[in-house]
Amino acid sequence: MELLLPSGEAVTLPTLLSYRAYDPLAVRIVFHTDTGGQVPWVFARDLLAQGLRRPSGQGDVQVWPGAVEAVGHEEVLNLALSSREGTAWLRAPLHVVAEWLERTYRLVPAGREADGYDLDAELSCLLPGST
């Protein structure tokens, strides 16, 4: 991905997108900083999918499609992440994220995220006196 600085300059930021079938509602993004650190974010897969087509999200995570005129009107996916430390605006080629997201839907199709998930068992672990 590219991190967009306040000056408008774009800086390459090594990024890892990951998806886990056992946590089918979430996508994970880990940004690798130049100091060797990692900055992880987890948010809804549906939010990312919606953001490919239209502005989506509110609060900490916002995603929207756009174009970068400076590079021949390439379609990009914009991602704004906000925390107490500030807001980061990132972008990636839209087709790359769309292809990656499509692979997650091959693992767990849309609407099938709850298959094999025992909600009663999960809730019973949270209730007092359950074992």
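Here's what I pulled together on the structure shown here. Chains are numbered independently. Their residues run from 1 in the order of the written sequence. Two thresholds apply to this predicted model, a pLDDT of at least 70 for residue-level local features and 80 or more for giving and counting side-chain atom pairs, whereas whole-chain, interface and lining totals are computed over all residues. Hydrogens are left out, water is left out, and the side-chain values use all remaining heavy atoms of the structure.

### Some remarks on the layout of surface pockets
Where we set the bar: Only protein atoms enter the calculation, which uses a 1 Å grid: trapped sets of points that fit a 1.4 Å probe without letting it out are cavities, open sets showing protein on both sides within 12 Å along at least five of seven lines are pockets, and any residue with an atom within 4 Å of a point is a lining residue. Grid points are joined across faces, edges and corners, and a volume is the space filled by probe spheres set on the points. Secondary structure is summarised from DSSP: a helix means a run of H or I of at least four residues, a strand means a run of E of at least two, and numbering begins at the N terminus for each. Nonpolar residues are Ala, Val, Leu, Ile, Met, Phe, Trp, Tyr, Cys and Pro. Charged residues are Asp, Glu, Lys and Arg, and all others, Gly as well, are polar.
Empty space within the largest pocket amounts to approximately 390 Å³. Every residue lining the largest pocket is counted, 17 residues in all, and those nearest its centre are Leu 3, Val 39, Thr 87, Ala 88 and Leu 90. Of all the elements in the fold, those that place two or more residues in the lining of the largest pocket are strand S1 (2–4), strand S5 (38–44), strand S7 (74–83) and strand S8 (86–93). In terms of residue count, S8 provides more of the lining of the largest pocket than any other element does, 5 residues in total. Residues of the lining of the largest pocket, tallied by class, amount to 12 nonpolar, 4 polar and 1 charged.

### Structural notes on the sheet that holds S7
Operational definition: Paired strands, in this sense, are two strands between which DSSP finds at least two bridges. For helices, the axis comes from a line fit to the C-alpha atoms of the stretch in contact; other axes are also lines fit to C-alpha atoms, and the angle between any two N-to-C directions lies between 0 and 180 degrees. Contacts were defined at the residue level, with two residues in contact if any of their heavy atoms lie within 4.5 Å.
Pairing is antiparallel across the open sheet formed by 5 strands, whose spatial order is S2-S1-S8-S7-S6. The sheet is open, and its two borders are formed by strand S2 (10–12) and strand S6 (61–68), each paired with just one other strand. Across the sheet, the mean angle separating the axes of adjacent strands is 30° when strand polarity is ignored. For S1 and S2, the ladder comprises 3 bridges, and the chain directions are antiparallel. What sits directly across from Leu 3, in S2, is Val 11. Most of the contacts of helix H2 (residues 94–107) go to S8, to which it runs at about 85°, and overall it touches S6, S7 and S8.

### Quick notes on empty space enclosed by the protein
Taken as a whole, this structure holds 1 cavity of 30 Å³ or more when the rule is applied. The volume enclosed by the largest cavity comes to roughly 40 Å³. Forming the walls of the largest cavity are Met 1, Leu 17, Ile 29, Phe 43, Leu 48, Leu 77, Leu 79 and Val 97. Taken together, the residues of the lining of the largest cavity sort by class into 8 nonpolar, no polar and no charged.

### Let's talk about H2
Heads up, the condition is: A helix is expected to span 1.5 Å multiplied by its residue count minus one. Remark: exposure states derive from per-residue accessible area (1.4 Å probe, protein chains only) relative to the maximum for the residue type, with buried under 20%, exposed over 50%, and partly exposed in between. An arc is given here, and it is the one of the directions from the helix axis to the C-beta atoms.
Taking 1.5 Å per residue, 14 residues should reach 20 Å; H2 reaches 20 Å between its end C-alpha atoms and fits that length. Looking at H2, one finds that the buried residues are Leu 94, Val 97, Trp 100, Leu 101, Thr 104 and Tyr 105. Along the long axis of H2, the arc covered by the buried residues comes to 150°, so they all point the same way. Looking at the buried residues of H2, the elements they touch are strand S3 (15–19), strand S4 (26–32), helix H1 (45–51), S6, S7 and S8.

### As for the pattern of salt bridges
We apply this condition: Salt bridges are identified by distance alone: a Lys or Arg side-chain nitrogen within 4 Å of an Asp or Glu carboxyl oxygen.
Under the definition given, this model contains 2 salt bridges. A salt bridge links Arg 91 to Glu 2; its shortest N-O distance comes to 2.8 Å. Of this pair, Arg 91 sits in strand S8 while Glu 2 sits in strand S1; the two residues are 89 residues apart in sequence, bridging distant segments of the chain. We classify Arg 91 as buried; its relative accessible area is 18%. What makes Glu 2 partly exposed here is its relative accessible area of 28%. Arg 28 is the partner of Asp 23 in a salt bridge, and the nearest nitrogen-oxygen pair spans 2.6 Å. Judged by relative accessible area, which is 25%, Asp 23 ranks as partly exposed.

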